[in-house]
Amino acid sequence: MEEKKYRIESDLLGELKVPADAYYGVQTQRALNNYHISRKRMRDYPDYVIAIAYVKLAAIQTNHALGVINDEISGAIEQACKEIIDGKLHDQFPVDMMQGGAGTSVNMNANEVIANRALEIMGHKKGEYQYCYPNDHVNCGQSTNDVYPTTIRLAVIRLNKALVASLTGLISALRYKADEYKDAIKMGRTQLQDAVPMTFGQEFNAYADNLEEELLNLERNIKLLHEINMGGTAIGTGLNAVPGFAKLCAANLSRLTGENFVSSPDLVEATPDTGAYVSYSSALKRLAVKLSKFCNDLRLMASGPRCGLHEINLPAMAPGSSIMPGKVNPVIPEVVNQTCFKVIGNDTTITFAAEAGQLELNVMEPVITESLFESEIWLSNAIDTLTEKCILGITINKEHTYDMVKHSIGIVTALNPYIGYKNSTKCAKEAFETGKSVYDVVLEKGLMTKEELDTALDPKNMLQGHKFSYKNRNPEK
């Protein structure tokens, strides 16, 4: 077995062995030695790696334009950044997502990989930092404290696009089902009790409208993440960044990514501020709450099949029991429910982490980052699963739901305008106690003629407003 080769690199704490073929360096190696927490690595999130490469690319272009870095070094760093953006070297980002140091290990991981690749491009060996140094060149005019939050923002924005696409697909599927079953009648319910008739078309359109609100809410909150603090360096004072860096870097990042980034008007305020994360996480939580409620409804409407509501049929995705033959469970809504619980929990984590910052920096951003990424990715995957494996395959038990409407005591509500609330209550009570239909009770009491009753209690007519006269009504009859 061939012995693994190493090179020796040094930092503030001394010398350390680094794998000879690694593009990362000593500070990344220290992070690998220190953090074995989540076992989720930076490389597991391609949008994260691409985001920091974009930030470093915008920074080197800014430094080159301002005359800080020469043509050869800036050109090599640019090429290295573009290669990472194109998907190369992602395996060289192995640091654990959970770490101390406010993201320094993430920033240095990028600085070291980019520097060593730039060295190769210029014809040098890895580790020959006298020609291109991770801190002096790749990190020029920057600090972890402006690079890291800017990277988080860009990565969250990129992941949000996938989430929006997934949510848009779910809404379209619900619209399709609404049109497919626009004339299928069912009983609407409040407090799990019979209320008034409606159509499945109305119900599915209502779900679609409800979720469409979340598209707008995500859009509102993602805009907050477009304000960045690049150029603020350590605490927002701009120490070590040349004049003009902040605004030009924001402009370069906007041009490179197609996003409308703006430099914060107060970089000292922006450096420790995590309010945008809290707001966006709240939007994810709100979506999760609505999505989970929707899945609760699906499970309830599909309950049975013989002893539940049995209004809809969900696609059968797996046998439901190791002991009960023939049982099929609503596994897709169930897994979406659980995903939503995780998002709600992540929001609580983000809230605590945002509150825990002190003075000029919030060192808890790594857990904010991991929580945001997890919520976005899990929600997007769950929504895709719900759309493809559940919503598109839903069928309706039309005859059963129509029969429930006809025999429901709840349809007495439609008689209020004709016989008054008090008489309607008496008829409902008698129908419930005797097992008779509301129809028969009203006729027996002589409150309406058969023709009037047929018109008033036609379920299709109850789905829209209709004309009646109050003046001929005798509510005390």
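One can find the structure itself at the top, above this paragraph.
Just so it is clear, the structure is predicted and the values come from calculations on it, not from any experiment.

A.B. asks: I tried to follow the overall build of the chain on my own but got confused; where do I start?
C.D. replies: A count of helices and strands for the chain gives 16 helices and eight strands. Since a compact globule built from 477 residues should have a radius of gyration of about 23 Å, the 31 Å found for the chain marks it as more spread out than a globular shape. The principal-axis extent of the C-alpha atoms belonging to the chain is close to 100 × 55 × 35 Å. When burial is assessed residue by residue, the chain has 50% of its 477 residues classed as buried. Pairs at least 24 apart in sequence give 73% of the contacts found in the chain among residues at least 6 apart. With the model as given, the accessible surface of the chain reaches about 22400 Å², and the carbon-plus-sulfur share is 53%. Averaged over its 49 positive side-chain charges, the chain has a centre that lies 6 Å from the centre of its 58 negative ones.

A.B. asks: Could you clarify how one ought to interpret the pattern of salt bridges in this entry?
C.D. replies: Opposite charge on two side chains lets them pair, provided their charged atoms get close. Scanning all chains against the criterion turns up 27 salt bridges. Among the ionic pairs, E213 bridges to K290, the shortest N-O distance being 2.7 Å. Taken as a pair, E213 in helix α7 (residues 200-222) and K290 in helix α10 (residues 275-301) lie far apart in primary sequence, 77 residues in all. The class of K290 is buried, set by a relative accessible area of 17%. Here E214 ties to K290 by a salt bridge, and the two come within 2.7 Å at their closest N and O atoms. Placement of E214 in helix α7 and of K290 in helix α10 is noted, with a sequence separation of 76 residues between them.

A.B. asks: Help me out: how do you make sense of the environment of A155 in this one?
C.D. replies: Position of A155 among the secondary structure elements: in helix α6 (residues 144-180). Taking relative accessible area as the criterion, A155 reaches 0% and is therefore assigned buried. A C-alpha to C-alpha distance of 17 Å links A155 and P94, two positions 61 residues apart in sequence. Contacts of A155, omitting those with residues within four sequence positions, involve D47, Y48, A51 and F373.

A.B. asks: Any chance you could explain the environment of N240 here in plain terms?
C.D. replies: Examined against the element boundaries, N240 turns out to sit in the loop between β5 (227-228) and α8 (245-257). The exposure class assigned to N240 is exposed, which follows from its relative accessible area of 65%. Separated by 59 residues in sequence, N240 and Y181 have C-alpha atoms that sit 64 Å apart.

A.B. asks: So what exactly am I meant to see when it comes to the side chain of T387 here?
C.D. replies: Summarising the element assignment, T387 is placed in helix α12 (residues 365-389). If we ignore the near neighbours within four places in the chain, the residues touching T387 are G169, L170, A173 and L392.

A.B. asks: It is not clear to me how the pairing of strand β3 (residues 185-190) should be interpreted in this structure. Could you clarify?
C.D. replies: Every regular strand shows the same layout, with side chains that alternate between the two sheet faces. In the sheet, β3 pairs with strand β4 (residues 193-199) via five bridges, with the strands oriented antiparallel. Across the sheet, R189 pairs through a bridge with D194, a residue of β4.

A.B. asks: Looking at this structure, I do not really get the packing of aromatic side chains. What am I missing?
C.D. replies: To describe a pair of aromatic rings, one takes the distance between the centres and the angle between the planes. Using the criterion set out here, one finds six aromatic pairs in the structure. Every member of this aromatic cluster is reached through a ring pair, and the members are F200, F204, Y207 and F294. We note K17 situated over the ring of Y6; from NZ or CZ to the ring centre the distance is 4.6 Å. Lying across the ring of Y23, K126 places its NZ or CZ 4.4 Å from the centre.

A.B. asks: How do you make sense of the packing of α7 against α10 when you look at a structure like this?
C.D. replies: Describing two packed helices takes the angle between their axes plus the distance from one axis to the other. Where α7 contacts α10, the two axes come as close as 8 Å, and the packing angle between them is 170 degrees. Comparing their axes, α10 and α7 come out roughly antiparallel. Crossing angle aside, the handedness with which α7 passes α10 is left-handed. In contact with E203, Y207, N210, L211, E213, E214, N217, L218, R220, N221 and I222 of α7, α10 contributes S279, Y280, A283, L284, R286, L287, K290, L291, K293, F294, D297 and M301. Its residues placed into classes, the contact of α7 with α10 shows 11 nonpolar, four polar and eight charged.

A.B. asks: Would you mind showing me how to read the nonpolar core here?
C.D. replies: Side chains of a nonpolar character, in soluble globular proteins, are inclined to be buried together. By size, the foremost hydrophobic cluster in this structure holds 110 residues, and its most contacted members are L386 and I391. By residue number, the principal contributor to this core is α6, which donates 15 residues. In this view, L386 contacts L170, L291, F294, C295, L298, I332, V336 and I391; residues no more than four positions away in its chain are not counted. V412, A414, A431 and V438 belong to the second-largest nonpolar core, a separate cluster that totals 20 residues.

A.B. asks: In this structure, what is going on with helix α2 (residues 46-65)? I would like to understand it.
C.D. replies: Residues three or four positions apart in an α-helix share a direction because the helix packs 3.6 residues into each turn. Taking 1.5 Å of rise per residue, 20 residues should cover 28 Å, and α2 covers 28 Å from first to last C-alpha, within 8% of that figure. Where burial is concerned, most of α2 is hidden: 16 out of the 20 residues are buried. Backbone geometry just downstream of α2 places G67 in the positive-phi region, at approximately 80 degrees.

A.B. asks: I'm lost on the packing of α6 against α12 in this one. Help?
C.D. replies: Between α6 and α12, whose axes approach to 9 Å, the crossing angle comes to 15 degrees. Here α12 runs roughly parallel to α6, going by the angle between their axes. For the element pair α6 and α12, the recorded crossing hand is left-handed. Counted by class, the contact of α6 with α12 contains 18 nonpolar, six polar and three charged residues.

A.B. asks: Can you help me understand a negative patch on the surface in this one?
C.D. replies: A cluster of acidic side chains, namely E227, D266, E269 and D273, defines a negative patch on the protein surface. For D266, the position within the fold is in the loop between β6 (262-263) and α9 (267-270).

A.B. asks: Got a minute to help me understand unusual backbone geometry in this structure?
C.D. replies: With the exception of glycine, most residues fall at negative phi, and the peptide bonds are largely trans. Cis geometry is adopted by the peptide bond preceding P305, which originates at G304 and carries an omega value of 10 degrees. Located in the positive-phi region is A102, a residue other than glycine, with phi close to 60 degrees. Within the element layout of this structure, A102 appears in the loop between α3 (71-85) and α4 (104-121).

Calculation criteria
Residues numbered from 1 in each chain as written. Predicted model: local features only at pLDDT ≥ 70, side-chain atom pairs only at ≥ 80, totals over all residues. Heavy atoms only, no water. Helix = DSSP H or I, 4+ residues; strand = E, 2+ residues; numbered from the N terminus. Rg over C-alpha atoms; globule rule 2.2 N^0.38 Å. Buried < 20%, exposed > 50% of the residue type's maximum accessible area, 1.4 Å probe, protein only. Contact = heavy atoms within 4.5 Å. Areas by Shrake-Rupley, 256 points an atom, 1.4 Å probe, with all protein chains shown as cover. Lys, Arg positive; Asp, Glu negative; His and termini not counted. Charge placed at Lys NZ, Arg CZ, Asp CG, Glu CD. Salt bridge = Lys/Arg side-chain N within 4 Å of Asp/Glu carboxyl O. Pairing = 2+ DSSP bridges. Phe/Tyr/Trp six-rings, centres within 6.5 Å; stacked < 30°, edge-to-face > 60°. Lys NZ or Arg CZ within 6 Å of the ring centre and 35° of its normal. Axes fitted to C-alpha atoms, helices over the stretch in contact; angles between N-to-C directions. Parallel < 35°, antiparallel > 145°, perpendicular 65-115°, else oblique. Left-handed = near helix turned anticlockwise from the far one by under 90°. Nonpolar A, V, L, I, M, F, W, Y, C, P; charged D, E, K, R; others polar. Core = buried A, V, L, I, M, F, W, Y, C linked by side-chain atoms within 4.5 Å. Expected span 1.5 Å × (residues − 1). Patch = residues over 30% accessible without salt bridge, like charges linked within 9 Å, V, L, I, M, F, W, Y side chains within 5 Å.

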